[in-house]
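Report on the structure
Given next are the chains, with one letter for each unit.
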Amino acid sequence: MKLKGKQKTYLRGLGSQLTPTVFIGKEGISEAILRSLDEAHSNTELVKIRIARGCPLDQQEVGQVIVNSTQSELVQILGRTLLFYRAQDEPTIELPK
């Protein structure tokens, strides 16, 4: 599912209230991080990630790896914080058309 501009704007508004649930440190993205992300997406559709300064990957690289590994959509990169959306079977977030 490709998100439209209005949908991303709406999700950014919801994401501003969230605290990061997954932290990526100096080891980069590991299998444990991907499992943690998958678990977070099974609980909620919108997940916020924080990247530590010591991470060997930049924000764009982290975003691409996570999008490809979790079948989620990158909503926003704001500094070292990334916001991802993945629709559930029974969505709790109603996206604008």
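Up top is the structure.
Here we summarise the structure given alongside this text. (Residues numbered from 1 in each chain as written. Predicted model: local features only at pLDDT ≥ 70, side-chain atom pairs only at ≥ 80, totals over all residues. Heavy atoms only, no water.)

1. Some details on unusual backbone geometry
Excluding glycine, most residues fall at negative phi; most peptide bonds, likewise, are trans. We count it as follows: Each helix is a run of DSSP H or I of at least 4 residues and each strand a run of E of at least 2, with the numbering of both proceeding from the N terminus.
Phi is positive for Gln-71, close to 55°, though the residue is something other than glycine. Counting through the fold element by element, Gln-71 comes out in the loop between helix H3 (59-70) and strand S3 (73-78).

2. Some thoughts on the nonpolar core
Note the threshold: The definition of a nonpolar core used throughout is a set of buried Ala, Val, Leu, Ile, Met, Phe, Trp, Tyr and Cys residues joined through side-chain atoms within 4.5 Å. Think of it in three bands: with a 1.4 Å probe and only protein chains considered, a residue is buried below 20% of the maximum accessible area for its type, exposed above 50%, and partly exposed in between. Whether two residues are in contact is decided by their heavy atoms, any of which lying within 4.5 Å being enough.
Val-22, Ile-24, Leu-37, Val-47, Ile-49, Val-62 and Ile-66 are the most contacted members of the largest nonpolar core, which has 14 residues in total. Among the secondary structure elements, those contributing two or more residues to this core are strand S1 (22-24), helix H2 (31-43), strand S2 (46-51), H3 and strand S4 (81-85). If sequence neighbours within four positions are ignored, Ile-24 has contacts with Ile-29, Ile-33, Ile-49, Arg-50, Ile-51, Ala-52, Cys-55, Val-62 and Ile-66.

3. A closer look at the sheet that holds S4
What counts, and what does not: At least two DSSP bridges between two strands are required for those strands to pair. Axes here mean lines fitted to C-alpha atoms, for a helix over just the part in contact, with angles spanning 0 to 180 degrees between N-to-C directions.
Reading across from one edge, S1-S2-S4-S3 is the order of the 4 strands in this open sheet, with mixed pairing throughout. In this open sheet, the two edge strands, each paired with only one partner strand, are S1 and S3. Averaged over neighbouring strand pairs, the angle between their axes works out to 25° when direction is ignored. Strand direction decides the pairing type here: S2 and S4, joined by 5 bridges, are antiparallel. Considered in S4, the bridge of Lys-48 is made with Leu-83.

4. What to know about the side chain of Ser-72
In this fold, Ser-72 is placed in the loop between H3 and S3. Overall, the relative accessible area of 2% leaves Ser-72 in the buried class.

5. Brief notes about the pattern of salt bridges
To be explicit about the condition: Salt bridge, as used here: a side-chain nitrogen of Lys or Arg that lies within 4 Å of a carboxyl oxygen of Asp or Glu.
On inspection of all chains with the given rule, the structure shows 1 salt bridge. A salt bridge links Arg-86 to Asp-38; its shortest N-O distance comes to 3.0 Å. Of this pair, Arg-86 sits in the segment after S4 while Asp-38 sits in helix H2, placing them 48 residues apart in sequence.

6. Considerations on H3
This is how it is decided: Take the number of residues in a helix, subtract one, and multiply by 1.5 Å to get its expected span.
The end-to-end C-alpha distance of H3 is 16 Å, a good match for the 16 Å that 12 residues give at a rise of 1.5 Å each. On its buried face, H3 sits against S1, H2, S2 and S4. Following H3 by one or two positions, Gln-71 has its phi on the positive side, about 55°.

7. What about the side chain of His-41?
Inspection of the secondary structure assignment puts His-41 in helix H2. Residue His-41 is classed as buried on the basis of its relative accessible area of 1%. In contact with His-41, other than residues within four places in its own chain, are Val-47, Ser-72, Phe-84, Tyr-85, Arg-86 and Gln-88.

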